[in-house]
Amino acid sequence: MDPRQRQRLGWIVRFFALLLVLTLLLTGCAQQPQAPFDGVIATSDVVFNLDFTALNTTYTSTLIVPEGKEIMADIQCDGGRIDVTITPEDGEPIYTGKRLPTSSFSIVPKTPGRYTVTISGENASGYAHVYVEGAVHYDDEPAENK
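The text that follows walks through the structure, step by step, so that each part is easy to find. (Residues numbered from 1 in each chain as written. Predicted model: local features only at pLDDT ≥ 70, side-chain atom pairs only at ≥ 80, totals over all residues. Heavy atoms only, no water.)

The helix and strand tally for the chain stands at one helix and seven strands. Mapped in sequence order, the helices and strands of the chain form the string α-β-β-β-β-β-β-β. Buried positions account for 30% of the 146 residues belonging to the chain. Accessible surface for the chain amounts to roughly 9800 Å². Of this, 56% is attributable to carbon and sulfur atoms. (Helix = DSSP H or I, 4+ residues; strand = E, 2+ residues; numbered from the N terminus. Buried < 20%, exposed > 50% of the residue type's maximum accessible area, 1.4 Å probe, protein only. Areas by Shrake-Rupley, 256 points an atom, 1.4 Å probe, with all protein chains shown as cover.)

In this section: the environment of Asp 90. Among the structural elements, Asp 90 can be located in the loop between strand 4 (71-88) and strand 5 (95-97). For the pair formed by Asp 90 and Gly 113, sequence separation is 23 residues and the distance between their alpha carbons is 9.6 Å.

With that settled, consider the packing of aromatic side chains. Under the criterion given, the structure shown has two aromatic pairs. Seen in terms of ring centroids, Phe 37 and Tyr 59 are 5.1 Å apart; in terms of plane orientation they differ by 70°. Their pairing is edge-to-face. Taken together, the residues span a long stretch of sequence, with Phe 37 in strand 1 (residues 37-43) and Tyr 59 in strand 3 (residues 58-65) at a distance of 22 residues. Assessed through its relative accessible area of 26%, Tyr 59 is described here as partly exposed. (Phe/Tyr/Trp six-rings, centres within 6.5 Å; stacked < 30°, edge-to-face > 60°.)

Inspection of every chain in the model, using the stated rule, returns two salt bridges. One salt bridge connects Arg 81 with Asp 83, and the closest N-O pair in it is separated by 2.9 Å. Across the salt bridge formed by Arg 114 and Glu 89, the nearest N and O atoms sit 3.6 Å from each other. Linking Arg 114 in strand 7 (residues 113-132) with Glu 89 in the loop between strand 4 and strand 5, this pair joins segments that are 25 residues apart in sequence. Relative accessible area serves as the criterion here: at 53%, Glu 89 is assigned to the exposed category. (Salt bridge = Lys/Arg side-chain N within 4 Å of Asp/Glu carboxyl O.)

With that settled, the discussion passes to the nonpolar core. The biggest cluster of nonpolar side chains holds 25 residues, and the ones touching the most others in it are Ile 71, Ile 82, Val 84, Ile 86, Val 117, Ile 119 and Val 130. Only strand 2 (47-55), strand 3, strand 4, strand 6 (103-107) and strand 7 provide two or more residues apiece to this core. The residues contacting Val 117, other than those within four sequence positions of it, are Phe 48, Tyr 59, Thr 60, Ser 61, Leu 63, Val 84, Thr 85, Ile 86 and Val 130. (Core = buried A, V, L, I, M, F, W, Y, C linked by side-chain atoms within 4.5 Å. Contact = heavy atoms within 4.5 Å.)

Its place among the elements puts Thr 118 in strand 7. Residues Thr 118 and Asp 83, 35 residues apart in the sequence, show an inter-C-alpha distance of 8.0 Å. Those residues in contact with Thr 118 that lie beyond four places of it in its chain are Thr 58, Tyr 59, Thr 60, Asp 83, Val 84 and Thr 85.

A surface patch of nonpolar side chains, about 400 Å² in accessible area, is lined by Ile 12, Phe 15, Phe 16 and Leu 19. Note on placement: Phe 15 falls in helix 1 (residues 3-30). (Patch = residues over 30% accessible without salt bridge, like charges linked within 9 Å, V, L, I, M, F, W, Y side chains within 5 Å.)

Here it is as structure tokens:
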């Protein structure tokens, strides 16, 4: 092989090496970060609803629980991880659920008062509805009937 052919071959090898590096870099840049949240949040003193196609963050809300009422929860996990924690205003959590499956449950608080509900997700889709017993926790009534 003469020097010109070696030089040409060197340029071709360098070109393809550069092309490979650029392809790898651009492929890495093309990956989109996961959305922290895509969905709807409804919250009040007695309701904390998250309906989502993407949950990759943490939300909190405070529920006011009267004497004799329970805290109800309906979880629909269509994928990913959903965690729920319920904590009284002055105390340790009364409920901690990690990697919750689709389920419904209730918690009986020892005392009435304010309870902080924390809902976290990782690559999650579905919904988490946490509400005080007896509260209307989803809106299925047409606006004209209110």
